[in-house]
Amino acid sequence: MTKPKIYVGTAGWSYKDWIDSFYTGKQTKDFDWLEFYSQYFNTVEVNASYYTYISPKTVEGWIKKVEERNDFLFSIKLHQDFTHKRNFTKEQTEAVKSNLKMLDNANRLGGLLVQFPYSFSLTKENANHVKLLLETFNDYEKFVEVRHKSWLSPAPKASVNEPTHTPSLSIKGSADGSAPEIETMAERFYKFLAKNKSSLCAIDQPEIGEAVEFKPIAVGDNLYIRFHGRNEKAWRQSLNNFSKNQTYEQQSERYDYLYSPGELLEIERAIKEVLNTVKKVFIILNNHPHGNAIANAFELLHLLTERIKVNIPFTTLKSYPRLTKISLN
Amino acid sequence: MKTIFHLDMDAFFVSVERILDPSLEGKPVIVGGDPHGRGVVAACSYEARKYGLHSGMPIRNAFRLCPNGVYIHGHHKEYGRFSKAMKYLLEEKFPIVQQASVDEFYFDFTGCESIYGPPEIFAKQLQDEILQKLSLPCSMGISSNKSVSKIATDFKKPMGITYVPYGKEKEFLEPLAIEKIPGVGKKLFPVLQARGFRTIGDIANASPGYLAVLLGKYGTDLWNRANGMGNDVLSVEQERKSISSETTFNEDIVGKAEIEKYIFHLTSKVAQQLRNENWQASTISIKLRYSDFSTLTRAKTLLHSTDDDKTIYDTSVQLFRQAYTRRVGVRLIGIHLGKLNHSCEQEFLFEDEEIIRKRMLGAVTKIRDKFGANAIHIGVSEKD
């Protein structure tokens, strides 16, 4: 199998606290953040689409701004109406689809990120909801992020005699008449995703309670990995403050984390174990406060592309001196 | 005849610190904490060694010699991560890799010439690869056995490569000072020096019988090593995930004090095993089963990993007291040590009291190894 194409970027590009650590402080009128961003990275995850239905004009603008970078891809996070509120209309579906189509036609679509909340555990109802969403957006690549362990755990013994919770139970028949081999829930889930043009999104986050552990698993053609940081204390705090009104800083605090070089080496190893089984790999850094995501994105880009030196802006080198060793300039 | 590589990372802790903070490059860097404290130097850069600094010296003395040095506490978890990455890199290339310490490895190159070419040329390529992939400098020694390879590594540092061809071991060792032999330290050095031994050649040319009389079994071993002989078998153990021990009582027990005695006994067992395997544990958990078979576990993750009986015992007792809430007989008690990592000296271990404890525990481990687990017990106050 040929080597996969590696896409490294961040979750969003519009953060004011990236000024001076990525974007220059002295910006001319025609300075555009996305255009600048695309000079350094070949993908970005659009998070605004989770909160609002993006206008086609805006999408058109994005496509124009990255036109200098041939291989640039956008991944769109599905609106919360579909994944969290789980209550959506035909019109809302069309609004999402038309943007996906526009990006796809321009060869700028990485895929649709379908992210479920931590509380979204494996139940029959939830499994059917996943099925519904994947079928709804069947024309596009999808990256499914489940944060609850139950989706990825082996099947409990009881499930052998129970009707399936997932939509695609299969029992492998045994030719020699021995006891049939029961697939684990995780295996069924992966198969189901692969059949529906979907990949499993791996996440790195503080390992708290029933949260899934970091383990990239290749399902389908793509590998999509999101890094939320390991700020355990702030993460726990944010779980306590869930649904309370919070400032941007309060909301962002749990992502305030800079992965250390040693942690990145461990991450590199985990990714490389499955790297050659897929066609595309998307690495998305969501530890955005201060520009930490930017620094770690450059470092992972270096590690995953045979340690070639990376083009890094002066602003980032100044804020993160340890990147000097991997910098092209 | 085998080809054994010994690889030692150069000023490992300092090299990792320089990855984290490149401004430390070229400066005398001392890992070990507060220069006015009571600890000792865990590691220092080659720039610091020019001032006479070395690992293990009291940090206050180091500060007197090198007041302009950069003194840092160190990032011990990060050292562990780089150590692991180093091991993975070697395991991808060689079937047999033995990790001797956090920054030291042996690997068997025998039969690999057809893939990698001559060992001394390959060593340079490997050194460059490690520097490029992990930004870590290292030195290597190559010979037919572990003992000579280790001495050869030390012969040229940093970024050195020393190849001792088969048959030339004795010739290589002959002019070297006796303290270059691992194990010839503070105690043995004066004993040998007083008897006129200056070079390894002096030992090699002495009668093996004399050394056996002088030092017992160790004397014979020393003579063999001085003559370029040594072990060429690498011990490769499967990575341990945890160590645990539990006991089911003949009759159910009621009462904290009685159960805590058993915790004490279990602590001795697991801590001994931990130290024997050169591990430290970060997570300590206890298992408690009541007479009605209801079972519960309680765990605690420590700030610093440990192999100390006292820490393990104190934590286990604390967990037990929190968990033991019913006035029902206890059927089973167990201790489980998890998140194991290779023992690497940590700054906090170097406080005077800790040094004494560490020596004491080292002695306890040896006595138990020789005479059995019950040969010696560490006392516990009844009030505890």
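Bear in mind that the values here come from a model prediction, so they are computed numbers and not experimental data. (Residues numbered from 1 in each chain as written. Chains lettered and ligands numbered in written order. Predicted model: local features only at pLDDT ≥ 70, side-chain atom pairs only at ≥ 80, totals over all residues.)

1. Description of the environment of B:Tyr313
Residues and elements named next belong to chain B. Our working definition: Numbering of helices and strands runs from the N terminus; a helix is a DSSP stretch of H or I covering at least four residues, while a strand is a stretch of E covering at least two. Exposure is read from a count of other C-beta atoms within 10 Å of each residue's own; the residue is exposed at 12 or fewer, buried at 20 or more and partly exposed in between. C-beta atoms are placed from the backbone. Whether two residues are in contact is decided by their C-beta atoms, placed from the backbone, lying within 7 Å.
For tyrosine 313, the location among the structural elements is in helix 14 (residues 309-323). Overall, tyrosine 313 belongs to the buried group, with 22 C-beta atoms counted inside 10 Å. Residues tyrosine 313 and glycine 219 lie 94 residues apart in sequence; the distance between their C-alpha atoms is 39 Å. The residues contacting tyrosine 313, other than those within four sequence positions of it, are Ile263, Phe264 and Thr267.

2. Looking at the environment of B:Phe197
Residue and element names in this part refer to chain B. For phenylalanine 197, the location among the structural elements is in the loop between helix 9 (188-194) and helix 10 (200-205). Accessibility expressed as a C-beta count within 10 Å gives 23 for phenylalanine 197, which makes it buried. The sequence separation of phenylalanine 197 and proline 35 amounts to 162 residues, and the corresponding C-alpha distance is 37 Å. Other than its neighbours up to four places away in sequence, phenylalanine 197 contacts Ile178, Leu192, Asp202 and Ile203.

3. Thoughts on the nonpolar core
Generally speaking, soluble globular proteins have nonpolar side chains that are buried together. Applicable threshold: Put simply, a nonpolar core is a cluster of buried Ala, Val, Leu, Ile, Met, Phe, Trp, Tyr and Cys residues tied together by C-beta atoms within 7 Å.
Ranked by internal contacts, the top residues of the largest apolar core, which has 72 residues, are A:Val144, A:Cys201, A:Ile225, A:Phe282, A:Ile283 and A:Ala297. When near neighbours in sequence (up to four residues on either side) are disregarded, A:Val144 contacts A:Val114, A:Val130, A:Leu193, A:Ser198, A:Leu200 and A:Cys201. Formed by 62 residues, the second largest nonpolar core is a distinct cluster that contains B:Cys44, B:Phe82, B:Phe109 and B:Phe172.

4. Describing the environment of A:Phe137
Residue and element names in this part refer to chain A. Within the secondary structure, phenylalanine 137 sits in the loop between helix 6 (124-136) and strand 5 (142-145). Exposure remark for phenylalanine 137: the 22 C-beta atoms within 10 Å place this residue in the buried category. Residues phenylalanine 137 and lysine 197, spaced 60 residues apart in sequence, show a C-alpha to C-alpha distance of 9.4 Å. For phenylalanine 137, the residues in contact, after removing those within four places along its chain, are Leu112 and Lys142.

5. Details of the pairing of strand 4 (residues 109-115) of chain A
All names here are of chain A. The condition that has to hold: Two strands are said to pair when DSSP picks up at least two bridges between them. Whether a crossover is right-handed depends on one test, that the path from the first strand over the helix to the second runs clockwise when the strands point away from the viewer.
With 6 of its 7 residues buried, strand 4 lies for the most part within the structure. With 4 bridges connecting them, strand 4 and strand 5 associate as parallel partners. Directly across from leucine 113, in strand 5, lies its bridge partner phenylalanine 143. Read as a crossover between parallel neighbours, the route from strand 4 over helix 6 to strand 5 is right-handed.

6. Quick notes on the domain arrangement of chain B
All names here are of chain B. To be explicit about the condition: Each domain span listed reflects an automatic or database assignment of domains. Gly is placed with the polar residues, together with every amino acid not listed as nonpolar (Ala, Val, Leu, Ile, Met, Phe, Trp, Tyr, Cys and Pro) or charged (Asp, Glu, Lys and Arg).
Each assigned domain of chain B is listed with its residue range as follows: domain 1 (1-166), domain 2 (169-234) and domain 3 (243-371). One C-alpha centre belongs to domain 1, the other to domain 2; they are set 25 Å apart. Contacts between domain 1 and domain 2 engage 16 residues on the former and 14 residues on the latter. Among the elements of the structure, strand 6 (104-108) and helix 7 (146-155) are those that each provide at least two residues to the side of domain 1 that touches domain 2. Per-element tally for the side of domain 1 that touches domain 2: the top contributor is helix 7, with 6 residues. Tallied by class, residues from the side of domain 1 that touches domain 2 come to 6 nonpolar, 5 polar and 5 charged.

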